[in-house]
Amino acid sequence: MRPWALAPLVALLPLALVAGCAGFEGFEGLQSDGRAREVKAPFALWTDHSPAPPSRSDNPVALKPVPHTPHLPSGSMADADPRAVLDADLAADGQKPPAPGSVRRPVLHDLTDDGKPELIMAVDLDDRTSDLRVYSVRHQIVTRVLALRGVLAGVELAAGHLVVREPTKDPRYVSVTDYLWDKDRMTLWDLTLDDAHKPQPARSGTPGPVPPAPPAGASPTGASLAGASVVGASPDAGLSVAAPTAAAHAPNGERR
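Residues numbered from 1 in each chain as written. Predicted model: local features only at pLDDT ≥ 70, side-chain atom pairs only at ≥ 80, totals over all residues. Heavy atoms only, no water.

**A look at the sheet that holds strand β6 (residues 154-158)**
Link 1 in the chain: Strands sit in the order β6-β7-β8-β9 across an open sheet of four strands; the sheet is antiparallel. Every interior strand has two partners, whereas the edge strands, β6 and β9 (185-195), have only one. Across the sheet, the mean angle separating the axes of adjacent strands is 20° when strand polarity is ignored.
Link 2 in the chain: Two elements, strand β7 (residues 161-167) and strand β8 (residues 173-182), share seven bridges in a ladder whose sense is antiparallel. From the neighbouring strand, R165 faces β8, where its bridge partner is V176. (Pairing = 2+ DSSP bridges. Helix = DSSP H or I, 4+ residues; strand = E, 2+ residues; numbered from the N terminus. Axes fitted to C-alpha atoms, helices over the stretch in contact; angles between N-to-C directions.)

**With respect to the environment of Y179**
Link 1 in the chain: Turning to its location among the elements, Y179 is positioned in strand β8.
Link 2 in the chain: Distance from Y179 to V164, taken between C-alpha atoms, is 8.2 Å for residues 15 residues apart in sequence.
Link 3 in the chain: Setting aside its immediate chain neighbours within four residues, Y179 contacts P60, V61, L146, L148, G160, H161, L162, M186, T187, L188 and W189. (Contact = heavy atoms within 4.5 Å.)

**So, a nonpolar patch on the surface**
Link 1 in the chain: A contiguous nonpolar surface patch, about 470 Å² in accessible area, is contributed by F43, L45 and W46.
Link 2 in the chain: Mapping W46 onto the fold places it in the loop between α1 (3-23) and β1 (64-65).
Link 3 in the chain: The exposure class of W46 is exposed, given its relative accessible area of 66%. (Patch = residues over 30% accessible without salt bridge, like charges linked within 9 Å, V, L, I, M, F, W, Y side chains within 5 Å. Areas by Shrake-Rupley, 256 points an atom, 1.4 Å probe, with all protein chains shown as cover. Salt bridge = Lys/Arg side-chain N within 4 Å of Asp/Glu carboxyl O. Buried < 20%, exposed > 50% of the residue type's maximum accessible area, 1.4 Å probe, protein only.)

**Re unusual backbone geometry**
Link 1 in the chain: Here the phi dihedral of W46 falls at roughly 50°; this positive angle occurs in a residue that is not glycine.
Link 2 in the chain: In this model, H68 sits at a positive phi of 60°, which is unusual for a non-glycine residue.

**Remarks on the nonpolar core**
Link 1 in the chain: In terms of nonpolar packing, the biggest core is built from 18 residues, with M77, L86, Y135 and V142 touching the most fellow members.
Link 2 in the chain: Those elements that place two or more of their residues in this core are α2 (82-92), β3 (118-124) and β4 (130-138).
Link 3 in the chain: Other than its neighbours up to four places away in sequence, M77 contacts L72, V85, L108, P117, E118, L119, Y135, S136, V137 and V142. (Core = buried A, V, L, I, M, F, W, Y, C linked by side-chain atoms within 4.5 Å.)

**Here we look at the pattern of salt bridges**
Link 1 in the chain: Enumeration over the complete set of coordinates arrives at 13 salt bridges.
Link 2 in the chain: Via salt bridges that share partners, K64, D89, D93, D131, R133, R144 and R149 belong to a single interconnected network.

**Some points on α2**
Link 1 in the chain: What α2 keeps buried is the set P82, R83, V85, L86, A88, D89 and L90.
Link 2 in the chain: Along its buried surface, α2 packs onto β3, β4 and β5 (141-150).
Link 3 in the chain: Where α2 ends, the next residue or the one after it, G94, has phi of about 80°, a positive value.

Structure below.
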């Protein structure tokens, strides 16, 4: 076919395309929804009001030495009396000792990657709210490195991370706050949403209420567990020792 013979066909092609597009309306359910809604920028209310900046006491990762606790030359919280540390910390905050049975079984786990475990404790304030506290040894002094009050839907340990799961206003989701030791303090590593799931059935050795502090002069509760590396509760010491998780996956998928 000669080139000049194609000219009429080329001229008619745009018209055919337009007609074809117009014919798609109503074809297999396709139809126009009319004019799109006008998009407007959000209108802020009360722009002259803003919350005050958080104080030091509102900072959950502020380092706070626990008064009236013995120095630990070993640098390990396994040599401390968990209940005595908790009671001294609460007293320093002006709080009374927790009610019997409200203190969950303490957990020893190395969060600072120095080979020496930190002490993780939780107090159930009522049927819903709990107080989570983490203690480490800084220059032989027992120091609180994390203090959170909230609804603990779950607390997890993975590859040096401490993960706290809390309910949201939508029951389908939980907020996941991921803390990680950074040089000399706990820091917020990540904050995400995750699907809510029902708690798994309790396993043998799951932390439970911690016994009261031993009489003065008694040996430290965790002294015999300094070298332990098996997950589970110690019936003598009342502690749970979390196994090392160097090969575990971090919540964000990283591998330590």
